[in-house]
Amino acid sequence: RRHTRFKCDWSSDVCSSDLPAIRILIRQWRLSALVFGVLAAGVGASAALFSFVNAVYFRGLAVAAPQEIVYIYRVFPNGNHGALKSSVIDVLADRGRTLADFSGHAAWAGSVTVGTDLHDSRGEVVDSRYFSLLGLRPALGRLILPEDAAEDAPAVAVISDRFWKTRLADRPDVVGQVIALGDSTNAERHTVVGVLPPQFEGLSDPLAPSELWIPQRGARTTRVVIARLHPGVRSEEHTSELQSHLN
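Residues numbered from 1 in each chain as written. Predicted model: local features only at pLDDT ≥ 70, side-chain atom pairs only at ≥ 80, totals over all residues. Heavy atoms only, no water.

Colleague: Break down the pairing of strand E7 (residues 117-126) for me, with residues and values.
Modeller: Examined bridge by bridge, strand E6 (residues 99-114) and E7 share 10 bridges and lie antiparallel to one another. From the neighbouring strand, Val112 faces E7, where its bridge partner is His119. Two successive antiparallel strands, E6 and E7, enclose a turn made up of 2 residues, where Gly115 displays a positive phi of approximately 65°. With 4 bridges connecting them, E7 and strand E12 (residues 212-215) associate as parallel partners. Residue pairing across strands places Val126 opposite Pro215, the latter belonging to E12. (Pairing = 2+ DSSP bridges. Helix = DSSP H or I, 4+ residues; strand = E, 2+ residues; numbered from the N terminus.)

Laid out in structure tokens, this is it:
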């Protein structure tokens, strides 16, 4: 399944729709002096790997144990920032000792139709570990499950509290309602399975809150990665381990 108006080139090394968001986050988080460090690691001669955490930012999103969350991304010589290749993520997942869990996500933008109302929207394509890693629980319904990623599974979406109240009139029977993603000639119907608490509006862009989350399907060459450290792991241990595994 493809959503033709989602502005994300999955075949490239960098998901371009994530770049502004990452730059915004870096700019904000650098001011907090909570950067974990630069890892000039073996992700290719043209890129270095960064890892950082900002508990203040994540605490504002009502996630569990925000001090344990790490954002990992690539930085290129020209200053652009982007997602990690799947091969790099596999190395971290197989060999990591300081990281308890990983999750990949990517920003998207497209058209959403609710009834006869068509409007532009923003959201995230996420894997099934995204919400559990963040320690989030639904305000209504459920969140994305592993089986939702199957190619033949029904298309589902989780929505924000803001979307529920502004686009779906705060209706109590919102779970089970159908919304269409994509333009009018190539839209795909998604069933709403859950609503998130109002404090959480996504990770892709602090200045443009996400309204929808849909499951990642099929192989993706790059992802923006969030990870959770094991409790008590120090930043020095984390950065040292990543350097050793990616050299």
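Back to the write-up after that little detour.
Colleague: Account for the pairing of E12, with residues named and values stated.
Modeller: Within a regular strand, the side chains alternate between the two sheet faces. Burial along E12 is two-sided: the face carrying Leu212 and Ile214 and the face carrying Trp213 and Pro215 are both buried. Here strand E9 (residues 156-159) runs beside E12; their pairing, made up of 2 bridges, is antiparallel. Residue Val158 lies in a different strand from E12, and its bridge partner there is Trp213. (Buried < 20%, exposed > 50% of the residue type's maximum accessible area, 1.4 Å probe, protein only.)

Colleague: Could you give an account of the pattern of salt bridges, naming the residues involved and the relevant values?
Modeller: Evaluated as defined, the whole model comprises 8 salt bridges. For Glu201, the salt bridge is made with Arg162, and the minimal N-O distance between the two is 2.8 Å. With Glu201 in the loop between strand E11 (188-195) and E12 and Arg162 in helix H5 (residues 161-167), this pair connects stretches of sequence that are 39 residues apart. Judged by relative accessible area, which is 18%, Glu201 ranks as buried. Through salt bridges with shared partners, a single network forms among Asp101, Asp127 and Arg129. (Salt bridge = Lys/Arg side-chain N within 4 Å of Asp/Glu carboxyl O.)

Colleague: Provide a residue-level description of the environment of Val193, including the pertinent values.
Modeller: Relative to the helices and strands, Val193 is located in strand E11. The sequence separation of Val193 and Gln177 amounts to 16 residues, and the corresponding C-alpha distance is 8.2 Å. Excluding residues that lie within four positions of it along the chain, Val193 makes contacts with Leu140, Gly141, Arg142, Val156, Ala157, Val158 and Val175. (Contact = heavy atoms within 4.5 Å.)

Colleague: With reference to specific residues and values, describe the packing of aromatic side chains.
Modeller: Considering all chains together, one arrives at 4 aromatic pairs under this definition. Here Tyr130 and Phe131 contribute two aromatic rings whose centre-to-centre distance is 5.0 Å and whose plane-to-plane angle is 90°, an arrangement assigned as edge-to-face. Relative to Trp213, the ring of Phe200 lies with its centre 6.0 Å away and its plane at 35°, an arrangement referred to as tilted. With Phe200 in the loop between E11 and E12 and Trp213 in strand E12, this pair connects stretches of sequence that are 13 residues apart. (Phe/Tyr/Trp six-rings, centres within 6.5 Å; stacked < 30°, edge-to-face > 60°.)

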